[in-house]
Amino acid sequence: MPFTIALGALFSMFLWGGKSEPSKSRVIGIQPFEGIPEAHVDETKAALERYYHYTVRVLPERKLPEGAFTNVKSPRYRADKLLRFLEEILPDDCDHLLGLTASDISTTKYEDFETKRIKEPAWKYEDWGIFGLGQMPGRACVVSTFRLKGGVDEAKLRERLRKVACHEIGHNLGLPHCAKSEKCFMRDGAEKIATVDAESEVLCEHCAATIGVAVR
Ligand SMILES: [Zn+2]
Ligand SMILES: [Zn+2]
């Protein structure tokens, strides 16, 4: 299946592959990467179960793949490479696999996704730190807590984590960024954590109807 990749909570240009199938029973795997606290894995699992009502299975912890490491601006892991890695290790009994890391992750931000023209200034956007990245639609997504931590308490960090995890799984289910509602968690993060903080923890009616999830 050809995958279009939607870039995390911070990127708004991608191809829309059409409506996904209405909600059916699915299994989401969580792949914890070394260094992520168990409490954050549990928080993510509970949020996905509560919101999507899918079965969520936590896999044994792994090290981040060395091949995804980069040091263009600072030591980070390339999110697109992590998605390929997650696809490779996706267990047969999981429909989606969400990688969860405390390390910084990055991607290249394009002005035009088709021609791969990097957004200007290119030095800034060639290796751009993000909260998460998810295939749209697709089977793999990755979430990093690295950029969710700044200056907030644990409760706020966990709220951000729940929103970003639900956002990236939303991309996997075929949802593009939402322009219908300021409160919808599928809104484009637009490079700011403030956007995530302004979101609610539910989809707007339009997005919910698109993937057949009841608005709760
Ligand atoms: Zn997004
Ligand atoms: Zn929406």
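Conventions and cut-offs
- Residues numbered from 1 in each chain as written.
- Chains lettered and ligands numbered in written order.
- Predicted model: local features only at pLDDT ≥ 70, side-chain atom pairs only at ≥ 80, totals over all residues.
- Helix = DSSP H or I, 4+ residues; strand = E, 2+ residues; numbered from the N terminus.
- Expected span 1.5 Å × (residues − 1).
- Buried ≥ 20, exposed ≤ 12 C-beta atoms within 10 Å, placed from the backbone.
- Arc of directions from axis to C-beta.
- Contact = placed C-beta atoms within 7 Å.
- Core = buried A, V, L, I, M, F, W, Y, C linked by C-beta atoms within 7 Å.
- Axes fitted to C-alpha atoms, helices over the stretch in contact; angles between N-to-C directions.
- Parallel < 35°, antiparallel > 145°, perpendicular 65-115°, else oblique.
- Left-handed = near helix turned anticlockwise from the far one by under 90°.
- Nonpolar A, V, L, I, M, F, W, Y, C, P; charged D, E, K, R; others polar.
- Pairing = 2+ DSSP bridges.
- Right-handed = clockwise from strand over helix to strand, strands pointing away.
- pLDDT = per-residue confidence, 0-100.

(A) Spotlight on helix H1 (residues 38-52). Compared with an ideal rise of 1.5 Å per residue, which puts 15 residues at 21 Å, H1 spans 21 Å between its outermost C-alpha atoms and is within 8% of the ideal. Of the residues making up H1, those classed as buried are His40, Glu43, Thr44, Ala47, Leu48, Tyr51 and Tyr52. Buried positions in H1, seen along its axis, are confined to an arc of 125 degrees and lie on one side of it. Of the exposed residues in H1, those oriented more than 90 degrees away from the buried face are Glu38 and Ala39. Backbone geometry just after H1 places His53 at a positive phi near 60 degrees.

(B) Examining the environment of Met186 more closely. Mapped onto the elements, Met186 comes out in the loop between helix H4 (154-172) and helix H5 (193-198). Taking the C-alpha atoms as reference points, Met186 and Cys207, separated by 21 residues in sequence, lie 7.8 Å from one another. With residues up to four places along the chain from it excluded, the contact list for Met186 reads His167, Gly170, Leu175, His177, Cys178, Leu203 and Cys207.

(C) Region of the structure containing the nonpolar core. Counting residues in hydrophobic clusters, the biggest one holds 48 residues, and the most contacted among them are Leu48, Leu82, Leu98, Val142, Val143, Ala165 and Ile169. Among all residues touching Leu98, those that are not within four sequence positions of it are Ile28, Ile30, Gln31, Cys141, Val143, Ala165, Glu168 and Ile169.

(D) Inspection of the packing of H1 against H4 at higher detail. Contact geometry for H1 and H4: axes closest at 9 Å, N-to-C directions at 55 degrees. Taken together, the axis directions place H1 and H4 in an arrangement best described as oblique. Seen from above, H1 lies across H4 with right-handed handedness. Along its contact with H1, which presents His40, Glu43, Thr44, Ala47, Leu48, Tyr51 and Tyr52, the element H4 presents Arg158, Leu161, Arg162, Ala165, Cys166 and Ile169. Of the residues belonging to the contact of H1 with H4, the class tally is 8 nonpolar, 2 polar and 3 charged.

(E) Layout of the pairing of strand S2 (residues 27-32). The buried fraction of S2 amounts to 5 of the 6 residues, a majority that puts the element mostly inside the structure. Of the strand pairs in this sheet, S2 and strand S3 (residues 55-58) are connected by 4 bridges, and their pairing is parallel. From the neighbouring strand, Ile28 faces S3, where its bridge partner is Val56. Handedness of the S2-H1-S3 crossover: right-handed. Relative to strand S6 (residues 96-101), S2 runs parallel, the two being bridged by 5 bridges. Within S6, the position partnered with Gly29 by the bridge is Leu97.

(F) Molecular detail of the sheet that holds strand S10 (residues 128-130). On the basis of which strands lie adjacent, the open sheet formed by 4 strands has the order S4-S5-S7-S10 and mixed pairing. Bordering the open sheet on either side are strand S4 (69-70) and S10, each of which pairs with just one other strand. Direction of pairing for S4 relative to strand S5 (residues 76-78): antiparallel, over a ladder of 2 bridges. Among the inter-strand pairings, Phe69 is bridged to a residue of S5, identified as Tyr77.

(G) Layout of the confidence of the model for the protein. Mean pLDDT for the protein: 88, with 88% of residues reaching 70 or above. Predicted confidence for residues 1-20 stays below pLDDT 50, and this span has 56 contacts to residues more than four positions away or in other chains.

(H) Seen up close, the pairing of S6. Burial analysis of S6 places 6 of its 6 residues in the buried class, the great majority of the element. By the alternation rule, side chains of S6 split into His96, Leu98 and Leu100 and Leu97, Gly99 and Thr101, which are all buried. Of the strand pairs in this sheet, S6 and strand S12 (residues 140-144) are connected by 5 bridges, and their pairing is parallel. Residue pairing in the sheet places Gly99 in a bridge with Val142 of S12.

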